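# Residue-level structure breakdown
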Amino acid sequence: MEKLHKQRKLFAVLLAALLTLSGLIPLPGASAAAGGEELAGLAGASSLRELLDRRLARRLAEGSAQTPGEADEAGEAVQVEDPAPAAVPEKVPPAGSPSATDILAAAQTIAHGMGEIDGVTTLNCLEGFLENYAKGVRVFEVDLRLTADGRVVLRHDWRGGWQEGVNESAIPTLEDFLAKPILEKYTPLSFQDLLLLLDEYPDVAVITDSKYTDTDVAVVQFGAMMADARELGLSYVFDRIIVQFYSQDMRDALHNAYGYSHYIYTLYNEGFGGTEDAFRTLAAYCAKNGVEGITMWDSWWKPAFAPIAQEYGVRVYVHTVNDPAPARELLASGVSAVYSDSLTGAELNPGA
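The structure reproduced in this document is the subject of the present report. (Residues numbered from 1 in each chain as written. Predicted model: local features only at pLDDT ≥ 70, side-chain atom pairs only at ≥ 80, totals over all residues. Heavy atoms only, no water.)

The next point concerns the overall build of the protein chain. Helices and strands together make up the secondary structure of the protein chain, namely 13 helices and 11 strands. By the burial criterion, 49% of the 352 residues in the protein chain qualify as buried. Total accessible area on the protein chain stands at roughly 15600 Å², and carbon and sulfur atoms take up 52% of it. (Helix = DSSP H or I, 4+ residues; strand = E, 2+ residues; numbered from the N terminus. Buried < 20%, exposed > 50% of the residue type's maximum accessible area, 1.4 Å probe, protein only. Areas by Shrake-Rupley, 256 points an atom, 1.4 Å probe, with all protein chains shown as cover.)

Quick look at the layout of surface pockets now. Computed from the structure, the second largest pocket encloses a volume of approximately 180 Å³. Across the lining of the second largest pocket, the residue classes break down as three nonpolar, seven polar and three charged. (1 Å grid on protein atoms, 1.4 Å probe; cavity = no way out; pocket = protein on both sides within 12 Å on 5 of 7 lines; lining within 4 Å. Points joined across faces, edges and corners; volume = space filled by probe spheres on them. Nonpolar A, V, L, I, M, F, W, Y, C, P; charged D, E, K, R; others polar.)

Its place among the elements puts Val220 in helix H8 (residues 215-232). Sequence separation of Val220 and Gly150 is 70 residues, and the distance between their C-alpha atoms is 8.8 Å.

Turning next to the nonpolar core. One finds Phe191, Phe279, Met296 and Trp301 to be the most contacted residues of the largest nonpolar core, which totals 74 residues. Looking at this core element by element, the count peaks at eight residues for H8. Setting aside residues no more than four positions away along its own chain, Met296 makes contact with Leu267, Phe272, Phe279, Trp301, Phe305, Val316, Tyr317, Val318 and His319. With 13 residues, the next largest nonpolar core counts Ile103, Val139, Tyr317 and Tyr339 among its residues. (Core = buried A, V, L, I, M, F, W, Y, C linked by side-chain atoms within 4.5 Å. Contact = heavy atoms within 4.5 Å.)

Each α-helix winds once per 3.6 residues, and so residues spaced three or four apart point in a common direction. Listed as buried for helix H12 (residues 324-332) are Ala327, Leu330 and Leu331. On an axial view of H12, the arc spanned by its buried residues comes to 95°, and they lie on one face. Among the exposed residues of H12, those pointing more than 90 degrees away from its buried face are Glu329 and Ala332. Capping the start of H12 is the job of one residue whose side-chain oxygen sits 3.1 Å from the backbone nitrogen of Ala325: Asp323. Gly334, located one to two residues past H12, shows a positive phi value of around 125°. (Arc of directions from axis to C-beta. Polar contact = N/O pair within 3.5 Å; in protein donor to acceptor, adjacent residues only side chain to side chain.)

Because side chains alternate across strand S11 (residues 337-340), one face comprises the buried residues Ala337 and Tyr339, and the other comprises Val338 and Ser340, equally buried. Two strands pair when backbone bridges link them, and strand S3 (residues 109-111) and S11 are joined in this way by three bridges, in the parallel orientation. Bridging across to S11, Thr109 finds its partner in Val338. With two bridges joining them, strand S10 (residues 315-319) and S11 adopt parallel strand pairing. For Val318, the partnering residue across the bridge sits in S11 and is Val338. The handedness of the S10 to S11 crossover, carried by H12, is right-handed. (Pairing = 2+ DSSP bridges. Right-handed = clockwise from strand over helix to strand, strands pointing away.)

Moving on, we get to the packing of helix H3 (residues 48-61) against helix H7 (residues 191-200). Closest axis-to-axis distance for the H3/H7 pair is 10 Å, and the angle between their directions is 80°. Looking at the two axes, H3 sits roughly perpendicular to H7. Here Arg49, Leu52, Arg55, Leu56 and Arg59 of H3 come into contact with H7, specifically with Gln192, Asp193, Leu196, Asp199 and Glu200. Considering only residue class, the contact of H3 with H7 consists of three nonpolar, one polar and six charged. (Axes fitted to C-alpha atoms, helices over the stretch in contact; angles between N-to-C directions. Parallel < 35°, antiparallel > 145°, perpendicular 65-115°, else oblique.)

Of all the five residues making up S10, four are buried; the element is thus mostly covered by neighbouring parts of the structure. Relative to S10, strand S9 (residues 293-297) is paired through five bridges, and the arrangement is parallel. Of the residues in S10, the one forming a bridge with Gly293 is Arg315. With helix H11 (residues 305-312) bridging S9 and the parallel S10, this β-α-β connection has right-handed handedness.

Of all nine residues that make up helix H5 (residues 126-134), seven are buried, and the element is covered over most of its length. Within H5, burial applies to Leu126, Glu127, Gly128, Phe129, Leu130, Asn132 and Tyr133. Buried residues belonging to H5 abut H3, strand S4 (139-146) and H7. Directly beyond the C-terminal end of H5, a positive phi value near 105° is found at Gly136.

Our next topic: the pattern of salt bridges. Following the criterion strictly, the structure yields 14 salt bridges and no others. Note that Arg49 and Asp53 form a salt bridge whose closest N and O atoms lie 3.0 Å from each other. You can see Arg49 and its partner Asp53 sitting in helix H3, four residues apart, about one turn around the helix. Residue class for Arg49 comes out buried when judged on its relative accessible area of 11%. Between Arg54 and Glu50 there is a salt bridge, and its shortest N-O distance comes to 2.6 Å. Of this pair, Arg54 and Glu50 both sit in helix H3, four residues apart, which is roughly one turn of the helix. (Salt bridge = Lys/Arg side-chain N within 4 Å of Asp/Glu carboxyl O.)

See below:
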């Protein structure tokens, strides 16, 4: 644990230097079989935030129980001065649990920014997760940002007006971020909260939108995410996290550093030529490098890409689609799933 804290300090220092250089939760009544019994019951907790904090503390406590002292040869208790907390043992995934590939293959919609809540989009909040999970959504795209102290949280951007005192010129620490409800009512989430949710809900997969396009900053950000997982002993849930990358250099750097199993190549940052030849080049790259899918704007998709994607075994996802009719047309033309603020599979298949 002490090593992790030192790593985080290093992450924060590296982040500051890099940014300088580059300028820059089922609801009650939902199925309990998939998990969430504790998160669905708020007895004794004043808020969802408090409940998540309790779960986090309990998980960390699993590795921190220490014997007060050891007996020496004479039977006297020898106290160990300031023992370092023991590492939380790594959990093993439940037998037969699906991978990100399995869950994504069964999905028609991906909840953009954890899904809409009360008509507001990209809040990446606990309530949005709960509501959309209860509606049947099982794949969630999450936006990730770094706090002032180098920790990873779920946040689309640092715009003002969402959390008191937070804006692009006043990026909060992790503690400050978690202490301030979004729009005064919604529960903000840290990456560790997300890991706890994935552990609680084994039928959920997540697609990252890490926002930072600078490769060096991305490596630091994902390093902080890996440290969070090790601290909780929840590294196994990365098998249900699909890493979305913005350039081939970013994919190479992340894969060399961490060796993730699941990737999606998103094109919104680099752009896309829009031709069949250009799409074939992308599909060939994905097939060669074990990248499972390509994400693009819905307006960039052409039905002519479908046979090319099939030839290379690559799935295609488009964003952001909130109207059922166009979404059905896209799916019928070869798109595997649509990112959406509000659509669910039930809405797209009302007779099913």
